[in-house]
Amino acid sequence: MTMDDFLAVPDFGLGWLDASGPHADIVLSTRVRLARNLQGHRYLSRASDSDRQTVFRAVARAVDQASLPDDPVLLPLAELRRRTQRILLERRLVSDEIIGRSEPESGAGVAVCPRETLSVMINEEDHLRLQCLMSGLRLVDGWSRVDGLDEELGRHLPLAYHHDFGFLTSCPTNVGTGLRASALLHLPGLVLTKEIDRALNGIAQVGLTTRGLYGEGSKFVGNFFQVSNQTTLGQSEEDLIDHLDRIVATVISKEREARRVLMRDAGAVTEDQVWRAYGLLRYARALTYEELMNLLSGVRLGVSLKVLPSPPVYSLNRMMIFSQTAHLEDAAGCPLSSSERRAHRAEYVRRALRDESAHGTSDPGP
Amino acid sequence: MSEEGKVCDAPECSNPAVVHLTTVVDNKSTTSYLCKSCAQAKGISTDPAPAVDVSDFLAQLGEAGPAKATASAAEPCSFCEMTFDNFRESGRLGCPHCYTSFGAGMRRLLKRIHGASRHAGKVYLPADPAAADLGRRLDGLRRGLQRAIDAEDFERAAVLRDLIREHETAG
């Protein structure tokens with residue numbers, strides 16, 4: 001496969017959307033990433049173009065030689081159109097930092113195993129960022145897969161490692177295991193019952209951190225909260241994963257409890273809000289992304305509470321991804337102004353919900 | 001949460017609304033729009049939790065910081081020539097050698113950030129590993145093997161079993 005046709009693969013790199021994992025109605029995805037660097041090479045902040053190219057070639061060779069669970073597609077980011085770079089960003093396969101404000105740095109790339117949801121960013125803040133992205137709460141499984149990828153690449157690349165400090169990284173906040181594991185949680189129950197601040201404080205007190213949908217620095221949108229480990233040194237990967245797993249399981253049970261309270265004490269209002277959200281999505285002619293996310297949050301809650309019989313969580317997940325700017329522009333085949341984007345987004349969602357009705361699950365309206 | 005074109009509902013405030021607040025009391029819902037400062041005044045957070053800022057840690061270290069604390073920290077890194085002042089400004093190191101170039105101060109900084117200064121996770125082996133590293137590496141591989149067996153991932157378990165045998169023979 002070449003980089004020109006990878007987007008023709010249905011749901012390229014989007015296996016994590018399929019809502020097949022445990023607690024998928026609350027946990028959109030689990031991500032486990034490892035930061036790694038090559039011995040004897042400067043980090044991005046001090047690297048020349050030629051240093052970055054050398055690192056890219058070394059990683060490309062290792063990806064080629066390694067025995068990976070799926071045929072990886074290697075994409076040098078600078079050779080892709082800007083819109084394609086942004087599609088990869090919207091699919092969470094690359095970061096804002098690696099695609100840059102106007103263009104990626106020389107030597108920046110990503111290797112993606114499309115079916116296995118494993119990927120490697122090359123020349124981001126660290127030389128390598130290994131990632132596994134899965135549906136639902138699957139932290140142990142995600143760690144096991146990314147560990148396997150790390151083992152394979154480590155056989156072909158000399159990694160920067162110190163017997164006391166562990167894996168050496170560009171930022172000291174990642175040193176040691178280089179592990180950042182997170183679960184992306186949909187918590188409308190805790191937000192509506194005003195328990196969310198207490199939950200977030202509790203999460204912070206046990207050494208975890210909460211971010212928005214798109215990671216560090218991003219806003220809380222659509223009642224999505226990304227919970228991850230904060231420290232990376234002094235504990236084994238298994239202990240870090242286990243701690244996060246237990247805390248996330250507690251947050252999920254609190255969210256389920258909040259939803260029960262909501263239905264018990266404000267069932268009619270909740271039901272009304274859910275149906276209003278569905279109605280707006282079904283008939284609106286213009287939607288901002290934040291508005292869409294908030295409405296999808298209501299519909300997702302309604303589906304989880306069985307107030308709405310459809311659409312399935314998988315379809316809601318897809319709508320979140322395919323109604324972002326680069327995906328809309330790709331479908332339209334041209335750049336879109338902000339008012340055109342709002343109109344295209346509303347049209348895409350209307351069509352997606354209509355298609356759901358046509359595929360057996362009749363329009364859920366009474 | 002942001003509402004395009006809406007103005008804050010708080011009395012005598014005309015700032016643009018960024019928060020759409022729905023409250024449910026006694027089965028009745030009320031909707032209001034608030035600007036950032038009025039939302040904060042009501043105790044509603046509009047920002048994600050701040051990430052760990054290395055520069056803050058460095059600032060807190062102050063006079064006891066690595067640049068002042070050790071002779072070696074005043075010297076630039078022998079490999080990439082990054083100085084501790086560069087690191088203080090950017091919060092990013094220049095290369096893997098910086099960790100040892102910045103000496104004991106680095107260990108103190110790591111302790112402040114992570115509450116620990118010694119790695120306890122998986123071990124990566126260079127071509128000619130020390131015996132202690134080999135032992136730690138084997139421990140990690142055995143944990144991985146158990147995990148793979150528990151998850152019934154027998155393909156991976158077979159790979160790990162072979163790796164363990166390889167290392168046991170080398171040791």
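Residues numbered from 1 in each chain as written. Chains lettered and ligands numbered in written order. Predicted model: local features only at pLDDT ≥ 70, side-chain atom pairs only at ≥ 80, totals over all residues. Heavy atoms only, no water.

1. So, empty space enclosed by the protein
Unoccupied space between atoms shows up once a probe the size of one water molecule is rolled over them. For clarity, the threshold we go by: Cavities and pockets are found on a 1 Å grid laid over the protein atoms alone: a cavity is a set of points where a 1.4 Å probe fits but cannot escape, a pocket is an open set with protein on both sides within 12 Å along at least five of seven lines, and a lining residue has an atom within 4 Å of such a point. Grid points are joined across faces, edges and corners, and a volume is the space filled by probe spheres set on the points. Where helices and strands are cited, they refer to DSSP runs of H or I of at least four residues and of E of at least two residues respectively, numbered from the N terminus. Three classes are used: nonpolar for Ala, Val, Leu, Ile, Met, Phe, Trp, Tyr, Cys and Pro, charged for Asp, Glu, Lys and Arg, and polar for all others, with Gly counted as polar.
Enumeration according to the criterion identifies three cavities of 30 Å³ or more in this entry. In this model, the largest cavity occupies a volume close to 90 Å³. Around the largest cavity sit 15 residues that line it, and D147 and E151 of chain A together with K122, G140 and L141 of chain B are the ones nearest its centre. For the lining of the largest cavity, the secondary-structure elements that each account for two or more residues are α4 (139–156) and α7 (237–283) of chain A together with α8 (131–150) and α9 (154–170) of chain B. At six residues, the largest contribution of residues to the lining of the largest cavity is made by α8 of chain B. For the lining of the largest cavity, the class distribution of residues is four nonpolar, two polar and nine charged.

2. Topic: the domain arrangement of chain A
How big an interface is tends to be reported as the loss of accessible area on association of its parts. All names here are of chain A. Just so we agree on the cut-off: Segment limits for the domains were obtained from an automatic or database-derived domain assignment. Residue contacts are defined here by distance: any two heavy atoms, one from each residue, within 4.5 Å place the two residues in contact. By buried area we mean the combined loss of accessible area, with a 1.4 Å probe, across both parts when two parts are placed together. Should a side-chain nitrogen of Lys or Arg be within 4 Å of a carboxyl oxygen of Asp or Glu, the pair is scored as a salt bridge. N or O atoms within 3.5 Å of each other form a polar contact, as long as, within protein, one can give a hydrogen and the other can take it, and as long as residues adjacent in sequence are counted only when both atoms are side-chain atoms.
Taken as a whole, chain A is organised into domain 1 (1–18 + 31–176) and domain 2 (266–359). Opposite the eleven residues of domain 1 that make contact, domain 2 presents 14 residues. Looking only at domain 1, the three residues that lose the most surface to domain 2 are L17, R83 and E90, adding up to 59% of its buried area. Connecting domain 1 to domain 2 are one salt bridge. The partner of E329 in a salt bridge is R83, and the shortest N-O contact between them spans 4.0 Å. Counting every contact that joins domain 1 to domain 2 gives six residue pairs in polar contact (both at pLDDT 80 or more). Grouping the amino acids of the side of domain 1 that touches domain 2 by side-chain chemistry returns four nonpolar, no polar and seven charged.

3. A look at the pairing of strand β4 (residues 118–122) of chain A
Residues and elements named next belong to chain A. As a reminder of what qualifies: Only protein chains enter the accessibility calculation, which uses a 1.4 Å probe; a residue whose area is less than 20% of its type maximum is buried, one above 50% is exposed, and one in between is partly exposed. Two strands qualify as a pair provided that DSSP identifies no fewer than 2 bridges between them.
Among the five residues of β4, five are classified as buried, and the element is accordingly described as predominantly covered. Burial along β4 is two-sided: L118, V120 and I122 and S119 and M121, pointing in opposite directions, are all buried. Judged from the five bridges that link them, strand β3 (residues 109–113) and β4 form a sheet pairing that is antiparallel. Paired with V110 across the strands is M121, a residue of β4. Of the pairings in the sheet, the one linking β4 to strand β5 (residues 128–135) comprises five bridges and is antiparallel in character. Looking across to β5, one finds that M121 is bridged to R129. Once β4 ends, the chain turns through five residues before running back antiparallel as β5, passing N123 with a positive phi of about 60 degrees.

4. Some points on the sheet that holds β4 of chain A
Residues and elements named next belong to chain A. Stated formally: Convention adopted: a line fitted to C-alpha atoms gives each axis, helices being fitted over their contacting stretch, and angles between N-to-C directions are expressed from 0 to 180 degrees.
Here we have eight strands laid out as an open sheet, ordered β2-β3-β4-β5-β1-β8-β10-β9, and antiparallel in their pairing. Among the strands making up the open sheet, the edge pair consists of β2 (73–76) and β9 (208–211). Strand-to-strand twist in this sheet, taken as the mean axis angle between neighbours without regard to direction, amounts to 20 degrees. Strand contacts of α4: β1 (27–36), β4, β5 and β8 (179–186), with the helix running at about 150 degrees to β5, the strand carrying the most contacts. Lying over the sheet, helix α8 (residues 289–304) contacts β1, β8 and β10 (224–229), oriented at roughly 75 degrees with respect to β8.

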